[in-house]
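Observations on the model geometry
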Amino acid sequence: MVTALRHTDPAVVGSIVGCTPLLLGVLGPLLARRRPAARLLAAAALVVAGAALTQGFGSGDTVGLLCAAGTLLCEAAFSLLAVPLLPRLGPVRVSAYTTALAVPLFAVTAAFSPAPLRAPTSTELLALLYLALVMTCVAFLLWYSALTRLTPEHAGLFGGLIPLTATLSGAVLTATAPTALQLLGAALVTVALLLGPPRPAERSVTG
């Protein structure tokens, strides 16, 4: 994602990664040997469209687009690979193991980074603590807890709230009104979330 943002507009990266609900809507059922539900695929398509309208459109090069597509695949794998582990390990252990495995991976990557390693400033340290505690530990635990109660295709629909909440919070912080396209994107995501929840018959099958 970081490399993608160096080569491509954030709007393009956000729109590509915003396709995660659609990817989960297809791969989630197939991995569970179920047929993808047409209603959920329609809801996922609405989320993708809403996210794209909310993020906007921009430009980028081949490297940026490929890295954004790689980020999309990683986002889907983050959920799909955890699904078979959650019944045996639970959300706390899956979150802990995922975070622990990331440490040596980033350590090796940092060793080959062209930028020299240095101690963070106090402001940077606060930001890193927020990313580590809230955006990693708490977010992982909440997401994996959701996957114990929802199928990946149902949970993936809520990914459309990320660009939506980012746009709305940015509008509040900058005191600027959302554009018409952003409001349309918000409406599409809202419709998708209303369309997506499982019906009683589906709950009995998916648990």
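- The name given to the protein in an unreviewed UniProt entry is EamA domain-containing protein, with the source organism recorded as Kitasatospora cheerisanensis KCTC 2395.
- The UniProt entry for the protein carries the following comment under Sequence similarities (unreviewed entry): "Belongs to the EamA transporter family."

**Let's talk about the UniProt feature "transmembrane region" (unreviewed entry) in the protein**
- Mapped onto this numbering, the UniProt entry annotates "transmembrane region" (unreviewed entry) at residues 12-31, 38-57, 63-87, 94-113, 125-143, 155-173 and 179-196.
- Helix makes up 90% of residues 12-31 and strand 0%. Its end C-alpha atoms lie 29 Å apart.
- Helix and strand shares over residues 94-113 are 90% and 0% respectively, and the end C-alpha atoms of the span are 28 Å apart.

**Some points on unusual backbone geometry**
- Of note, Arg33 is a non-glycine position whose phi angle comes to about 60 degrees, a positive value.
- Along the chain, Arg33 falls in the loop between α3 (20-31) and α4 (38-55).

**What to know about helix α10 (residues 180-195)**
- Here α10 contains 16 residues, and its C-alpha end-to-end distance of 23 Å stays within 8% of the 22 Å for a straight helix at 1.5 Å per residue.
- Within α10 the residues assigned to the buried category are Gly185, Ala186, Val189, Ala192 and Leu193. Here the buried residues of α10 occupy an arc of 125 degrees about the axis, which is enough to place them on one side. Facing away from the buried side of α10 by more than 90 degrees, the exposed set consists of Ala180 and Leu194.

**Some thoughts on the packing of aromatic side chains**
- The tally for this structure, following the rule as stated, stands at three aromatic pairs.
- Relative to Tyr144, the ring of Phe140 lies with its centre 6.3 Å away and its plane at 65 degrees, an arrangement referred to as edge-to-face. Pair noted here: Phe140 and Tyr144 are both in helix α7 (residues 122-147), with a separation of four residues, about one helical turn.
- An aromatic cluster of at least three residues, connected via ring pairs, comprises Phe78, Phe140 and Tyr144.

**Overview of the environment of Pro21**
- The residue Pro21 is located in helix α3 in this model.
- Relative accessible area serves as the criterion here: at 3%, Pro21 is assigned to the buried category.
- Taking the C-alpha atoms as reference points, Pro21 and Ala155, separated by 134 residues in sequence, lie 8.1 Å from one another.

**A short note on the nonpolar core**
- The biggest cluster of nonpolar side chains holds eight residues, and these are Leu40, Ala43, Ala44, Val47, Leu157, Val189, Ala192 and Leu193.
- Counting residues per element, the ones that place at least two in this core are α4 and α10.
- Counting residues per element, this core draws most heavily on α4, which supplies four residues.
- Core analysis: the second largest hydrophobic core is formed by seven residues, Ala82, Leu86, Val94 and Phe140 among them.

What counts and what doesn't
- Residues numbered from 1 in each chain as written.
- Predicted model: local features only at pLDDT ≥ 70, side-chain atom pairs only at ≥ 80, totals over all residues.
- Heavy atoms only, no water.
- UniProt positions renumbered as here; feature names shortened; annotations may be inferred.
- Helix = DSSP H or I, 4+ residues; strand = E, 2+ residues; numbered from the N terminus.
- Expected span 1.5 Å × (residues − 1).
- Buried < 20%, exposed > 50% of the residue type's maximum accessible area, 1.4 Å probe, protein only.
- Arc of directions from axis to C-beta.
- Phe/Tyr/Trp six-rings, centres within 6.5 Å; stacked < 30°, edge-to-face > 60°.
- Core = buried A, V, L, I, M, F, W, Y, C linked by side-chain atoms within 4.5 Å.

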